Amino acid sequence: MMQSAANFPVIWNLSPLGSSSKAQLVNLRQQRKAHSLRCLRSEGHEKQSENSSQEKLGVSSVVKEDKHKDIWNLFREAQQNILYLNKQRLAAVEELEKLKNEKVQLVERLNQLEAESQIVIKKDKPSLLWQLLLRIDSMVINGLIGTEDASSMRQLVREHEANISEFPLDVLQQGDAQVLAELRRFPNRDKRNGLHVIHICTEMDPLVSVGPLASYITGLSRALQGKGYLVEVIMPKYSTLDLDEVEGLREIEADAYSYFNGQLHANRIWNGVVSGIGVTLIQPLYYGSMFSRDKVYGYPDDVDRFAYFSRASLDYIAKSGKQPDVLHIHNWQTAISGPLFWDVHVNQGLESTRILLTCQGFDSKCLVPPEKLELCGLDPDSLHRADRLQDNTNPQVVNILKGGIVYSNKVVIMPSSPSEGSTLHRKSIPGLEPTLAVHKEKLFFAPFALDNSKWDPSTDVYLPENYSAEDLRGKSTCKVDLQRQLGLVEDTSATIVGCIFSEISDVDLESLKSLVRSTKRNDVQFVIMIMNEDQMIIKEIEKTQDETERGNLKVVIGNNEVVSHLIFAGSDIMLCLNFFQDPLLQVPLKALKYGTAPVELNPRTWHAGTHEQDATIANFINSLFERMSLGQALDLIKKDHKLWELKIREAMKKDLCCDVHISAYTSIKTL
């Protein structure tokens, strides 16, 4: 208001009031009125301006709020874009790392495949060797070459086994003529030593397995080939064969004929390789039902079936021009091959071949009427004699197994099971005692071989780490694992003495307890497995366990397969009650296989009544470990560990069953 009053015009009139003063007063009032109007207008204008400003301020705030929202939205979008880009970057980095890893893995895989290809080449040498040898058989049967050429060609292939991988594989996929042409260009290099052995048998693992013969055939054949022998197998083509196990299975185009029941009959011939061993399968065509059955054995015409197969095998060998050093026949099923060979086939290019028979058990000797011999071309009148095939107890029949013994150059007798090994002896084979006595110079006795599919430290699935005679490092791992599982102090330098038995005499029990108590060394640990439920024995052993200091004795009760394998692998010494007890457990053989020295608790002296197969084991152990006592063995481990390790490696490499056969083969060649 002060500002408005200052704007009013001020008139100072000091003259006396008159007419002019009225006029002046009127003007003054008019001026005030005008001023009032101007003030009203001014106030109205100010209100309008204020309202206008307020309106403008409201619009401005809305605009600002919209802009704020837009900026926030842009910020959020930017953040989302940044997060997305980061995710994309991380994904790209991960993808790059993945590609790098895949590249590394690919390079490693290529290196592995290259290494495996070298191993495959080495492993496939036996396979390639046999594919070539069996193709030569095909060439003869098909009439491409004669028996003399075939013999030379086989010798050529055998001499070049060390370089067999140089043979072009693509040629093997071609015809016999192309293979023959390539063989004639083969260089003359290293030669193979060792005998040529042909098994004529009725089983082979993994093709067909009924009893112990199947694993015996495969195991022995592989062991012999590892020692430089050339080994092949001839067997029937059963309808139940697992042919997926045959590598390079092929059918020979031409049929091979064999004699039976007065006529020649065609046979289809198949060959291939199984576990590195050449295999020939014979399939009768006219008598097709003979081997197209659900079972291998157990039919009324078994004599006819296996007589047919034996004759067909020998006819095939003669026709193909093979000249093996040894024909190895097995049990009564192919024992008829002995008389057939000497009466029919020996003059068909087989003059230098000899016969070896293996007898696994004598439950069945195959007693048949003499006229049955005519089926396969034998003369009953000349063979039905006491010194030939006539049965020793029933003179009206012929004994096929006896014929195999009489007509073989050597005979290997071995148990069909570990338990049979404790009773099998030439004096306890009913019906054959006189024959075995007459032919005692022929006889060899072999122990029952271990089942290598279960008892082999290089492949044993129960061991934490496998090992072999060439690399013993895994044995230390097995020792520590055994100590850990049984609660012993874990120490690879400790010596573990194992002991596994199912039965024990009172004398042996006292000796065992006394031996444990008297071993005062801190670095010796005992592990005893009792595989029965005899509470008296268990109580006595557990009492001894409580009495031992430092907890160095652990007792395992019952047949725990995993622990038993680990005891054989983790122990340094295996305490055996004696080498001739517990044939079912085969403790000495398993100990040798697993690099654990067998030591007798109470050494027995070998005597004339001891079975030859048991004596073979005992003689080897005693010669290698020099009839050591437990104390002597413990001293040798500590004083001369290198010598101890040499003995262990030699023990692991020893195959007593195979060695007996090698002795038999070798003696045959000197005849």
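Structure: see above.
Keep in mind the model is a prediction, meaning the values are calculated, not measured.

1. Comments concerning the overall build of the protein
Inference 1: Within the protein one finds 22 helices and 17 strands.
Inference 2: Considering only residue pairs separated by 6 or more positions, the protein has 75% of its internal contacts joining residues 24 or more positions apart.

2. Describing the packing of aromatic side chains
Inference 1: One pass over the structure, following the stated rule, counts 15 aromatic pairs.
Inference 2: Judged by centre distance (6.0 Å) and plane angle (50°), the rings of Phe625 and Trp644 are tilted. Note that Phe625 is positioned in helix α19 (residues 612–625) and Trp644 in helix α21 (residues 641–653), a separation of 19 residues in sequence. Exposure class is identical for Phe625 and Trp644. Each is buried.

3. Description of empty space enclosed by the protein
Inference 1: Tallying each qualifying case throughout the model produces 3 cavities of 30 Å³ or more.
Inference 2: Size it by volume and the second largest cavity reaches roughly 90 Å³.
Inference 3: Put simply, the parts of the chain that give the lining of the second largest cavity at least two residues each are α8 (302–320) and α9 (331–335).
Inference 4: It is α8 that contributes the most residues to the lining of the second largest cavity, 3 residues altogether.
Inference 5: Taken together, the residues of the lining of the second largest cavity sort by class into 9 nonpolar, 1 polar and 1 charged.

4. Quick word on the sheet that holds strand β17 (residues 597–600)
Inference 1: Read across the sheet, 5 strands follow the order β15-β14-β13-β16-β17 without closing on themselves; strand pairing throughout is parallel. Of all strands in the sheet, those with a lone pairing partner are β15 (553–557) and β17, marking the two edges. Averaged over all pairs of adjacent strands, the angle between their axes in this sheet comes to 25°, without regard to strand direction.
Inference 2: Two elements, strand β13 (residues 495–501) and strand β14 (residues 524–530), share 7 bridges in a ladder whose sense is parallel. The partner of Cys499 across the bridge, within β14, is Ile528.
Inference 3: Contacts from helix α16 (residues 535–547) reach β13, β14 and β15 within the one sheet, and its direction differs from that of β15 by about 155°.

5. Looking at unusual backbone geometry
Inference 1: The omega torsion of the bond from Asp205 to Pro206 falls at 10°, within 30 degrees of zero and hence cis.
Inference 2: With respect to the secondary-structure elements, Pro206 resides in the loop between β1 (196–200) and α7 (212–226).
Inference 3: Positioned with a positive phi, Asn261 is a non-glycine residue whose angle comes to about 55°.
Inference 4: Relative to the elements of secondary structure, Asn261 occurs in the loop between β4 (256–260) and β5 (263–274).
Inference 5: The class for Asn261 is partly exposed, based on a relative accessible area of 45%.

6. Regarding the pairing of strand β8 (residues 354–360)
Inference 1: β8 sits mainly inside the fold: 7 of its 7 residues count as buried.
Inference 2: When strand β7 (residues 326–330) meets β8, the two strands line up parallel, connected through 5 bridges. Looking across to β8, one finds that Ile329 is bridged to Leu357.

7. Concerning the nonpolar core
Inference 1: Counting residues in each nonpolar core, the largest one holds 91 residues, and the members touching the most others are Met204, Met235 and Tyr665.
Inference 2: Val527, Met574, Tyr594 and Ala597 belong to the second-largest nonpolar core, a separate cluster that totals 66 residues.

8. Quick look at α21
Inference 1: With 13 residues, α21 should cover 18 Å at 1.5 Å per step; its first-to-last C-alpha distance of 18 Å lies within 8% of that length.
Inference 2: Those residues of α21 that sit buried are Trp644, Lys647, Ile648, Ala651 and Met652. Axial view of α21: buried residues confined to an arc of 135°, hence all on one face. Of the residues in α21, the exposed ones pointing more than 90 degrees away from the buried face are Lys642, Leu646 and Lys653.

9. Brief notes about the pairing of β7
Inference 1: Counting buried residues along β7, 5 of its 5 residues qualify, which places the element largely inside the surrounding structure.
Inference 2: Side chains of β7 alternate between two faces, with Val326, His328 and His330 and Leu327 and Ile329 buried alike.

10. Quick notes on a nonpolar patch on the surface
Inference 1: Together, Val461, Tyr462 and Val562 make up a nonpolar patch on the protein surface, roughly 270 Å² of accessible area in all.
Inference 2: Looking at the secondary structure, you find Tyr462 in the loop between β12 (443–445) and α14 (473–486).
Inference 3: Accessibility expressed as a relative area gives 32% for Tyr462, which makes it partly exposed.

11. A closer look at the environment of Thr596
Inference 1: Among the structural elements, Thr596 can be located in the loop between α18 (587–593) and β17.
Inference 2: On the basis of relative accessibility, which here comes to 2%, the residue Thr596 falls in the buried class.
Inference 3: In the structure, Thr596 is positioned 51 residues away from Lys647 in sequence and 9.9 Å away in space, judged by C-alpha atoms.
Inference 4: Residues within four places of Thr596 in sequence aside, it is in contact with Lys475, Phe568, Ser571, Asp572, Ile573, Met574, Ala591 and Ile648.

12. Brief notes about the pattern of salt bridges
Inference 1: Across all of its chains, the model carries 25 salt bridges by this definition.
Inference 2: A salt bridge links Arg135 to Asp176, with the shortest nitrogen-to-oxygen separation between them at 2.8 Å. Separated by 41 residues along the polypeptide, Arg135 in helix α3 (residues 125–141) and Asp176 in helix α6 (residues 176–184) bring together distant segments of the chain.
Inference 3: For Arg135, a relative accessible area of 4% gives the class buried.
Inference 4: Judged by its relative accessible area of 13%, Asp176 falls in the buried class.
Inference 5: With a closest N to O distance of 3.0 Å, Glu232 and Lys322 form a salt bridge. Residue Glu232 is located in strand β2 (residues 230–236), and its partner Lys322 is located in the loop between α8 and β7; the two are separated by 90 residues in the primary sequence.
Inference 6: The network of salt bridges with common partners includes Asp137, Arg154, Glu232 and Lys322.

Thresholds, definitions, all that
Residues numbered from 1 in each chain as written. Predicted model: local features only at pLDDT ≥ 70, side-chain atom pairs only at ≥ 80, totals over all residues. Heavy atoms only, no water. Helix = DSSP H or I, 4+ residues; strand = E, 2+ residues; numbered from the N terminus. Contact = heavy atoms within 4.5 Å. Phe/Tyr/Trp six-rings, centres within 6.5 Å; stacked < 30°, edge-to-face > 60°. Buried < 20%, exposed > 50% of the residue type's maximum accessible area, 1.4 Å probe, protein only. 1 Å grid on protein atoms, 1.4 Å probe; cavity = no way out; pocket = protein on both sides within 12 Å on 5 of 7 lines; lining within 4 Å. Points joined across faces, edges and corners; volume = space filled by probe spheres on them. Nonpolar A, V, L, I, M, F, W, Y, C, P; charged D, E, K, R; others polar. Pairing = 2+ DSSP bridges. Axes fitted to C-alpha atoms, helices over the stretch in contact; angles between N-to-C directions. Core = buried A, V, L, I, M, F, W, Y, C linked by side-chain atoms within 4.5 Å. Expected span 1.5 Å × (residues − 1). Arc of directions from axis to C-beta. Patch = residues over 30% accessible without salt bridge, like charges linked within 9 Å, V, L, I, M, F, W, Y side chains within 5 Å. Areas by Shrake-Rupley, 256 points an atom, 1.4 Å probe, with all protein chains shown as cover. Salt bridge = Lys/Arg side-chain N within 4 Å of Asp/Glu carboxyl O.

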